[in-house]
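An overview of the molecular structure
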Amino acid sequence: MTIVKINAITVPADSGDELARRFAARAGAVDSQDGFEGFELLRPSDERTTWLVVTRWRDEEAFQAWVASPAFAHGHRSAAERDGEPAQPPVGVHSEVWSYVPAGGSGPTRQ
């Protein structure tokens, strides 16, 4: 059964563009992971400062395998770190991961 993992990342109001830039720099990094079904980075359209990273996975086991993988560790290093430079300071001031399963909706059917 598909599961949805949402990383809610709170950033200072003036740091959202940097968060988007960092995600763009690693676009596609998780696409070939077994069980990965999709990704969206959602920017708030109001005064909120919490961005949502929404991923869909075949099941909890596929998600946990990715979290435990070297690809996860590599993908969560900054571009500077991957180039052997010092780490950039984090953009987010708080984050938490939420877990959901689809319970209804419309649009393309997902297995």
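So, a few notes on the structure that sits alongside this text. None of the values given here were measured: they were computed from a predicted structure. (Residues numbered from 1 in each chain as written. Predicted model: local features only at pLDDT ≥ 70, side-chain atom pairs only at ≥ 80, totals over all residues. Heavy atoms only, no water.)

1. Remarks on the overall build of the chain
When you go through the chain residue by residue, the secondary structure sums to four helices and four strands. N-terminal to C-terminal, the α/β element order of the chain is β-α-β-β-α-α-α-β. On the principal axes, the C-alpha backbone points of the chain span a range of 40 × 35 × 20 Å. When the 111 residues of the chain are sorted by exposure, 31% land in the buried category. Nonlocal contacts in the chain, meaning residues at least 24 apart in sequence, comprise 70% of its contacts between residues at least 6 apart. Summed over all atoms, the accessible surface of the chain reaches about 7300 Å², with 53% contributed by carbon and sulfur. Looking at the chain, you have 11 positive and 16 negative side-chain charges, and the mean spots of the two groups are 1 Å apart. (Helix = DSSP H or I, 4+ residues; strand = E, 2+ residues; numbered from the N terminus. Buried < 20%, exposed > 50% of the residue type's maximum accessible area, 1.4 Å probe, protein only. Contact = heavy atoms within 4.5 Å. Areas by Shrake-Rupley, 256 points an atom, 1.4 Å probe, with all protein chains shown as cover. Lys, Arg positive; Asp, Glu negative; His and termini not counted. Charge placed at Lys NZ, Arg CZ, Asp CG, Glu CD.)

2. What to know about the side chain of T2
Summarising the element assignment, T2 is placed in the segment before β1 (3-10). For T2, a relative accessible area of 3% corresponds to the buried category. At a separation of 3.0 Å, a polar atom in the side chain of T2 contacts the side chain of E37. (Polar contact = N/O pair within 3.5 Å; in protein donor to acceptor, adjacent residues only side chain to side chain.)

3. Side note on the packing of aromatic side chains
The way to describe two aromatic rings as a pair is by their centre distance and the angle between their planes. Enumeration according to the criterion identifies six aromatic pairs in this entry. Each ring, one from F63 and one from W66, has its centre 6.1 Å from the other, and the planes form 50°; the classification is tilted. Of this pair, F63 and W66 are both found in helix α2 (residues 60-67), three residues apart, which corresponds to roughly one turn of the helix. Taken as a pair, F63 and W66 share a single burial class, namely buried. Taken together through their ring pairs, the aromatic side chains of F36, W57, F63, W66 and F72 make up a single cluster. (Phe/Tyr/Trp six-rings, centres within 6.5 Å; stacked < 30°, edge-to-face > 60°.)

4. A word on the sheet that holds strand β2 (residues 36-42)
For sheets, the rule is that strands pair by backbone hydrogen bonds, running either parallel or antiparallel. Taken in spatial order, the four strands make up an open sheet running β2-β3-β1-β4, and their pairing is antiparallel. Among the strands making up the open sheet, the edge pair consists of β2 and β4 (94-100). Strand after strand, the sheet turns through a mean of 15° between neighbouring axes, direction not considered. Pairing of β1 with β4, which is carried by seven bridges, proceeds in the antiparallel orientation. Bridge pairing in β4 links K5 to S99. Contacting β1, β3 (50-57) and β4, α2 crosses the sheet at an angle of about 45° to β1. (Pairing = 2+ DSSP bridges. Axes fitted to C-alpha atoms, helices over the stretch in contact; angles between N-to-C directions.)

The analysis is restricted to geometry; functional conclusions fall outside its scope.
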